Amino acid sequence: MKKVAAALGLLAIVLVLGACSSSAAAPASSGPPASVDPNAIQISAKDLKFSTAQLNAPAGKAFTIAFDNQEAAPHNVAIYKDQSASEKVFVQDPFGGPKAVTYQVGPLAAGNYFFRDVHTDMKGTLTVK
């Protein structure tokens with residue numbers, strides 16, 4: 001009988017501690033992290049659409065993309081040489097949200113590039129000049 005009472009007491013403590021820790025969880029971020037470069041390219045995904053179909057970046061210089069996935073569906077930003085999407089320039093794994101991430105993209109030569117999401121209807125042009 002003492003073993004049963006001790007087990008029930010331990011279970012009660014575990015349940016109370018579990019409830020306390022889950023109620024103290026931080027709220028999910030709905031925007032890019034505060035430490036993002038102010039010159040970063042801003043883009044978001046919501047309702048299975050990008051916030052813009054046109055991005056601009058400097059030629060010959062590394063740049064940052066601040067990507068805000070505002071929904072639970074997995075999204076990413078992938079840059080290709082052209083619309084055939086046969087030659088990858090920069091590709092990251094999709095992630096669910098809401099969550100904001102920053103991508104560090106290496107220097108690109110001047111020109112027009114194609115970008116898209118894992119949902120291939122989400123696409124646009126990246127102009128590097």
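The shown structure was predicted, so the numbers you read here are calculated from the model rather than taken from an experiment. (Residues numbered from 1 in each chain as written. Predicted model: local features only at pLDDT ≥ 70, side-chain atom pairs only at ≥ 80, totals over all residues. Heavy atoms only, no water.)

Q: Describe the sheet that holds strand β3 (residues 54–57), and please don't skip the residues or the numbers.
A: In a beta sheet, neighbouring strands are held together by backbone hydrogen bonds and run either parallel or antiparallel to one another. As summarised here, the arrangement of the 5 strands in space is β3-β9-β8-β5-β6, forming an open sheet in which the pairing is mixed. This sheet does not close on itself; its edge strands, each paired only once, are β3 and β6 (88–91). Adjacent strand axes in the sheet meet at a mean angle of 25°, parallel and antiparallel pairs treated alike. Sheet analysis places strand β5 (residues 78–80) next to strand β8 (residues 111–116), joined by 3 bridges and oriented antiparallel. Looking at β8, one finds that Tyr 80 is bridged to Phe 114. (Pairing = 2+ DSSP bridges. Helix = DSSP H or I, 4+ residues; strand = E, 2+ residues; numbered from the N terminus. Axes fitted to C-alpha atoms, helices over the stretch in contact; angles between N-to-C directions.)

Q: Tell me about the pairing of strand β9 (residues 123–128), and name the residues and values.
A: Where β3 lies against β9, 4 bridges are found, and the strand directions are parallel. Each residue of the ladder has a partner; that of Gln 54, found in β9, is Thr 125. Hairpin connection between β8 and β9: a loop of 6 residues separates the two successive antiparallel strands.

Q: Please give an account of the packing of aromatic side chains that cites residues and values.
A: Following the criterion strictly, the structure yields 6 aromatic pairs and no others. Summarising the aromatic geometry, the rings of Tyr 80 and Phe 114 are spaced 6.5 Å apart at their centres and angled 40° between planes, so their arrangement reads as tilted. Remark: Phe 114 occurs in strand β8 and Tyr 80 occurs in strand β5; sequence separation between them is 34 residues. Pair check on accessibility: Tyr 80 and Phe 114 agree, each one buried. Taking 5.6 Å as the distance between ring centres and 65° as the angle between the ring planes, the aromatic pair formed by Phe 90 and Tyr 103 counts as edge-to-face. Taken together, the positions of Phe 90 in strand β6 and Tyr 103 in strand β7 (residues 99–105) put the pair 13 residues apart, joining distant regions of the chain. For Tyr 103, a relative accessible area of 5% gives the class buried. Through pairs of rings, three or more aromatic residues link up here, namely Phe 50, Phe 67, Phe 90, Phe 95, Tyr 103 and Phe 115. (Phe/Tyr/Trp six-rings, centres within 6.5 Å; stacked < 30°, edge-to-face > 60°. Buried < 20%, exposed > 50% of the residue type's maximum accessible area, 1.4 Å probe, protein only.)

Q: A description of the nonpolar core should follow, citing residues and the corresponding values.
A: With 22 residues, the main nonpolar core has Ile 65, Phe 67, Ile 79 and Leu 126 as its most contacted residues. Every element with two or more residues in this core is listed here: β1 (41–46), β3, β4 (63–69), β7, β8 and β9. Those residues in contact with Ile 79, other than ones at most four positions away along the chain, are Ile 65, Lys 88, Val 89, Phe 90, Val 91, Val 105, Tyr 113, Phe 114, Phe 115 and Leu 126. (Core = buried A, V, L, I, M, F, W, Y, C linked by side-chain atoms within 4.5 Å. Contact = heavy atoms within 4.5 Å.)

Q: Could you give me a rundown of unusual backbone geometry, with the residues and numbers involved?
A: Trans is the common state for peptide bonds, and a negative phi is the common state for residues other than glycine. In the segment running from Gly 97 into Pro 98, the intervening peptide bond is cis, with an omega of 0°. Turning to its location among the elements, Pro 98 is positioned in the loop between β6 and β7. One non-glycine residue, Ala 85, lies in positive phi territory at about 55°. Locating Ala 85 in the fold gives a position in the loop between β5 and β6. The exposure class of Ala 85 is buried, given its relative accessible area of 17%.

Q: Got a sec to walk through the environment of Tyr 103? Specific residues and values, please.
A: In this structure the C-alpha to C-alpha distance between Tyr 103 and Phe 90, which are 13 residues apart in sequence, comes to 9.5 Å. With near-sequence residues (within four places) excluded, Tyr 103 lies in contact with Phe 63, Thr 64, Ile 65, Phe 67, Asn 76, Val 77, Phe 90, Gln 92 and Phe 95.

This is a description of form; function is not addressed.
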